[in-house]
Amino acid sequence: MTGLAADEVIQLAEVGFRLFPCTPKKTPRFKGWQQSASSDLAKAQALARANTVIGARTGITFDVFDIEYEFLDAIAGAIAAFRGPVARTGGGGVHLYVRSAQRLRNHDLVLNGQKVGDVRGQGGLVIVPPSRSTKGPYEWIKPPWSAPLPEPTADLIDLVKFPRKPIAKPGSGTSEDLARLAATVAHAPEGKRNNVLFWAACKAYEGGLPPRAVEPVLLGAAREADYPEGQALATIRSAEAHV
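Residues numbered from 1 in each chain as written. Predicted model: local features only at pLDDT ≥ 70, side-chain atom pairs only at ≥ 80, totals over all residues. Heavy atoms only, no water.

Asks: Sorry if this is basic, but what is going on with helix 6 (residues 175-186) here?
Replies: Each turn of an α-helix holds 3.6 residues, which means side chains three or four residues apart point in the same direction. If you check helix 6, its first and last C-alpha atoms are 16 Å apart, about what 12 residues at 1.5 Å a residue would give, namely 16 Å. Of the surrounding elements, those touching the buried residues of helix 6 are helix 7 (193-206) and helix 8 (211-224). (Helix = DSSP H or I, 4+ residues; strand = E, 2+ residues; numbered from the N terminus. Expected span 1.5 Å × (residues − 1). Contact = heavy atoms within 4.5 Å.)

Asks: Can you walk me through unusual backbone geometry in this structure?
Replies: Comment: phi is negative for the bulk of residues other than glycine, and the bulk of peptide bonds are trans. The amide bond that connects Pro129 to the next residue, Pro130, takes the cis arrangement and shows omega of 10°. Tracing the chain through its elements places Pro130 in the loop between strand 8 (125-127) and strand 9 (132-133). Within the chain, Asn51 stands out as a residue other than glycine whose phi angle is a positive 55°. Relative to the helices and strands, Asn51 resides in the loop between helix 3 (41-50) and strand 2 (53-57). In this model, Asp226 sits at a positive phi of 60°, which is unusual for a non-glycine residue.

Asks: Whenever I open this one, the sheet that holds strand 8 confuses me. Can you help?
Replies: Within a sheet, adjacent strands bond to each other through the backbone by hydrogen bonds, running parallel or antiparallel. Spatially, the 3 strands line up as an open sheet ordered 1-2-8, and their pairing is antiparallel. Of all strands in the sheet, those bounded by a partner on one side alone are strand 1 (19-22) and strand 8. Across this sheet, the average inter-strand angle for adjacent strands is 40°, counted without regard to direction. As paired elements, strand 1 and strand 2 share 4 bridges and run antiparallel to each other. Within strand 2, the residue paired with Pro21 across the bridge is Ile54. (Pairing = 2+ DSSP bridges. Axes fitted to C-alpha atoms, helices over the stretch in contact; angles between N-to-C directions.)

Now the structure itself:
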């Protein structure tokens, strides 16, 4: 790597990216990469000297919304409004980096029934600039050392296609669990209320709680947070449909 490119790798480690070597086909070079991925500066320097494709572990510090090139125009509004780090991928798509606050796993991103990309969360990885895959170079449009990691916007969360899970046994989610989730919603700061409410509703439904139990409690919490009831109800029902 050139000196400038090597500096980028060091800066990634400095902002907490856990890095590890990958192949040009975007796969880890060795087993156990999840444990070996590191933000240690000396290891980052070694990766830069090795002139290898570099991966970063997702789901700890950050998650990544990976939008395929063919669908950039379809969600141009969400991309234009995004204020966090952005990278151009080797295939011409974009990576949108967000704070790991939603406990997202690796899922498809779906718009109008069509897959438009992936979200890389817990247990995932992403190729980072200045790497070059078999498809082409990765480049920062807005690097993470110049733009803080934001929460994922509602527009991005709406693209996440959550896999359906087996219905939990009745009683696996309790009224105490729901009360704790409601307290989190009630204290959610402005600008994050929708994301927090969506997360809380998903957790409640994953626990097997029925809508008749979830909706009134979370709606009450949303009112405490000064979140409009109509929007709150739509968010809760969206979570039910996703789980």
